[in-house]
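Fold and geometry: a report
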Amino acid sequence: MTPAPSSRRLFLKSTATAAAGALLPIQLPAVDGSGSAGRKLIAYVGTFSSPLQNMKATQVDLPPGNGKGIHLFQVDRSTGAFTAAGIHEMGTSPSCLVLNRAGTHLYSANETDRVGDNEAGTVSSFTVSPEDGRLTLLNSVNSGGKGPTYVSLHPSGRHLFVANYFGGTVAVLPVLPDGRLGEATDVKKDEGTIGPRQATNAPAGSFAFSGHDQTHCHMIAADPSGRYVLHVDLGLDQIHVWKFDASTGVLTPNDPPHVTLPPGDGPRHFAFHPDGRWLYSLQEEGSTVVLFDYDGGSGTLTPRQTLSSLPPGYAGSNFCSGIHVSPDGRYIYAGNRLHDSISIFAVAKDGTLTYVTEEWTRGNYPRSFNFDPSGQYLYCCNQRADNVTVFRVDKATGLLKFTGQYVPVGNPSCVVFAELGA
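Read on for a plain summary of the structure. A quick note: this is a predicted structure, and the numbers were derived from the prediction, not measured. (Residues numbered from 1 in each chain as written. Predicted model: local features only at pLDDT ≥ 70, side-chain atom pairs only at ≥ 80, totals over all residues. Heavy atoms only, no water.)

Points about the overall build of the protein
Within the protein, the regular secondary structure consists of one helix and 28 strands. Its C-alpha atoms give the protein a radius of gyration of 20 Å, near enough to 22 Å, the size a compact globule of 422 residues would have. Out of the 422 residues in the protein, the part that is buried amounts to 61%. Contacts in the protein between residues far apart in sequence, at least 24 positions, make up 55% of those at least 6 positions apart. On the protein, roughly 15500 Å² of surface is accessible, and the fraction owed to carbon and sulfur atoms is 54%. Charge separation in the protein, taken as the distance between the mean sites of 31 positive and 36 negative side-chain charges, equals 5 Å. (Helix = DSSP H or I, 4+ residues; strand = E, 2+ residues; numbered from the N terminus. Rg over C-alpha atoms; globule rule 2.2 N^0.38 Å. Buried < 20%, exposed > 50% of the residue type's maximum accessible area, 1.4 Å probe, protein only. Contact = heavy atoms within 4.5 Å. Areas by Shrake-Rupley, 256 points an atom, 1.4 Å probe, with all protein chains shown as cover. Lys, Arg positive; Asp, Glu negative; His and termini not counted. Charge placed at Lys NZ, Arg CZ, Asp CG, Glu CD.)

A closer look at the packing of aromatic side chains
Note on aromatic pairs: each is described by the distance of the centres and the angle between the planes. Counting across every chain of the model gives twelve aromatic pairs. With a centroid separation of 4.6 Å and 15° between ring planes, the pair formed by Phe 82 and Tyr 379 is classed as stacked. One end of the pair, Phe 82, is in strand S3 (residues 82–89); the other, Tyr 379, is in strand S25 (residues 377–382), with 297 residues separating them in the sequence. Both residues of the pair, Phe 82 and Tyr 379, belong to the buried class. In this arrangement the basic side chain of Arg 384 is found over the ring face of Tyr 365, its NZ or CZ atom lying 3.7 Å from the centre. (Phe/Tyr/Trp six-rings, centres within 6.5 Å; stacked < 30°, edge-to-face > 60°. Lys NZ or Arg CZ within 6 Å of the ring centre and 35° of its normal.)

Quick word on the nonpolar core
With 42 residues, the main nonpolar core has Leu 160, Leu 230, Ile 239 and Leu 301 as its most contacted residues. Sorting elements by how many residues they give to this core places strand S12 (residues 217–222) first, with five residues. Apart from the residues lying within four places of it in its own chain, the contact partners of Leu 230 are Met 219, Ile 220, Ala 221, Asp 223, Ile 239, His 240, Val 241, Phe 270, Phe 272, Leu 279, Tyr 294 and Leu 301. Judged by nonpolar contacts, the second largest core, of 16 residues, contains Ala 271, Trp 278, Cys 320 and Val 325. (Core = buried A, V, L, I, M, F, W, Y, C linked by side-chain atoms within 4.5 Å.)

Remarks on the pattern of salt bridges
Per the stated rule, a full pass over the model turns up 13 salt bridges. With its nearest N and O atoms 3.9 Å apart, the salt bridge here joins Arg 304 to Asp 350. Here Asp 350 lies in the loop between strand S22 (341–347) and strand S23 (353–360) and Arg 304 lies in strand S19 (residues 300–308), a separation of 46 residues in the sequence. For Asp 350, a relative accessible area of 39% puts it in the partly exposed group. Here the salt bridges share partners, and the residues they tie into one network are Asp 61, Arg 268, Glu 284, Arg 337 and Arg 367. (Salt bridge = Lys/Arg side-chain N within 4 Å of Asp/Glu carboxyl O.)

Things to note about the side chain of Arg 367
By the element assignment, Arg 367 lies in strand S24 (residues 366–371). A polar atom in the side chain of Arg 367 sits 3.0 Å from the side chain of Ser 413. With residues up to four places along the chain from it excluded, the contact list for Arg 367 reads Phe 48, Asp 61, Glu 111, Thr 149, Arg 268, Ser 321, Gly 322, Arg 337, Cys 381, Gln 383, Pro 412 and Ser 413. (Polar contact = N/O pair within 3.5 Å; in protein donor to acceptor, adjacent residues only side chain to side chain.)

A closer look at the side chain of Gln 214
Considering the arrangement of structural elements, one finds Gln 214 in the loop between strand S11 (186–189) and S12. Side-chain polar atoms of Gln 214 contact the side chain of Lys 56, separated by 3.2 Å. Reaching out from Gln 214, the side chain makes a polar contact with the backbone oxygen of Phe 166 at a distance of 2.9 Å.

Describing empty space enclosed by the protein
One pass over the full model with this rule turns up one cavity of 30 Å³ or more. Put simply, the largest cavity is a space of about 150 Å³. Taken together, 17 residues line the largest cavity, and the ones lying closest to its centre are Gln 59, Asp 61, Tyr 165, His 218 and Arg 367. When grouped by side-chain class, the residues that make up the lining of the largest cavity number seven nonpolar, four polar and six charged. (1 Å grid on protein atoms, 1.4 Å probe; cavity = no way out; pocket = protein on both sides within 12 Å on 5 of 7 lines; lining within 4 Å. Points joined across faces, edges and corners; volume = space filled by probe spheres on them. Nonpolar A, V, L, I, M, F, W, Y, C, P; charged D, E, K, R; others polar.)

Observations concerning the sheet that holds S24
With respect to topology, four strands assemble into an open sheet ordered S24-S25-S26-S27, the strand pairing being antiparallel. This sheet does not close on itself; its edge strands, each paired only once, are S24 and strand S27 (400–408). Ignoring which end each strand starts from, the neighbouring axes of this sheet average 20° apart. As paired elements, S24 and S25 share five bridges and run antiparallel to each other. Following the sheet pairing, Phe 371 is matched in S25 by Leu 378. (Pairing = 2+ DSSP bridges. Axes fitted to C-alpha atoms, helices over the stretch in contact; angles between N-to-C directions.)

Here's the deal with the pairing of S24
Of all the six residues making up S24, six are buried; the element is thus mostly covered by neighbouring parts of the structure. From the end of S24 to the start of S25, which pair antiparallel, there are five residues, and Gly 375 there has a positive phi angle of about 75°.

Let's talk about the state of the cysteines
One pass over the full model with this rule turns up zero disulfides. Just so you know, Cys 96 is unpaired, no disulfide at all, and the nearest cysteine sulfur is the one on Cys 414, 5.1 Å from it. Free cysteine Cys 320: the closest other cysteine sulfur is in Cys 380, separated by 13 Å. (Disulfide = S-S within 2.5 Å.)

Geometric descriptors of this kind do not, in isolation, establish any biological role.
Printed below as a string of structure tokens:
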């Protein structure tokens, strides 16, 4: 992808407003964060702070570990700018972070930690200082498998879910009253037939191969009601659905227990629309976004639309990364590594998508991105470029405008936000 905007991109940007308007996007209440304007906003950036070791030859993403742990920044709400506010040093690659709803506790998946005979990773819990956002470690527990790559909280805040990428497992950890983590109440290991090396929907000329060598759990999260929990297995090309017993912390297979994506496409991440009726799945090797209708009563998924995450005519290799829905539900954003872009899709009233344009991330290998609480800014973690880049979001068109700020962070992996002083 050429650093300077192409004529095609300029044309797409000039027509984006009309395209989005023609779709008549659904209208949800605006999220502007105005009620929090007087509170200090802190960003936490998780990083790879040590190299992955004992990896298969098929592992393509081997960050050297340039980060120092969890990097803290104070956020200027008016400009989106980051100011360095400290580092909680960790040498275990806290590559995925999640905060509880109150912003009083933070949890990290420590991807390169190795404990026990099965070389499991760990998950850590921290308190968040209401004055300056600094972290204090509470405890660390076994993640239930090797290479924890994703953590999320149940809507109740009383359970933490973990996806262990290299272990092919997912785990449920209880959150104790003081915020500490208990030992796993349930661990599930994926089994099945591994998909092919070549993705069904890969771009022409693609050699993208990252996870079809074993089972790879890449993401786990509850649905909006908390009654069901979903996780993706990239190697099996499946999205699994579980019934969740919040009283025992146990997962039970739903009926049906999973949906299967096209062979080799490799589901990586998913996002629910704010209204809960639709789920959007992003495939790492196939470079696609799939719309599923979601029945919250039965926990069932029905595919309805598939689009490329890449601009028309793209050829070659690409690895998709993260997917998010804008806070107002009007746009979908999907990350592309190697193409180094974030694609933007407009959401119609029926949940279907129309490709609008893409924005260059100003850095190599965008592993993830996130919105600030107001939805006015988007922050992109460019893993190989060792920076976080900042974009202003045009809420009317969905377009992203680079603010000019590059934030230096070694091997950034994720970014989350806490508003202090509730």
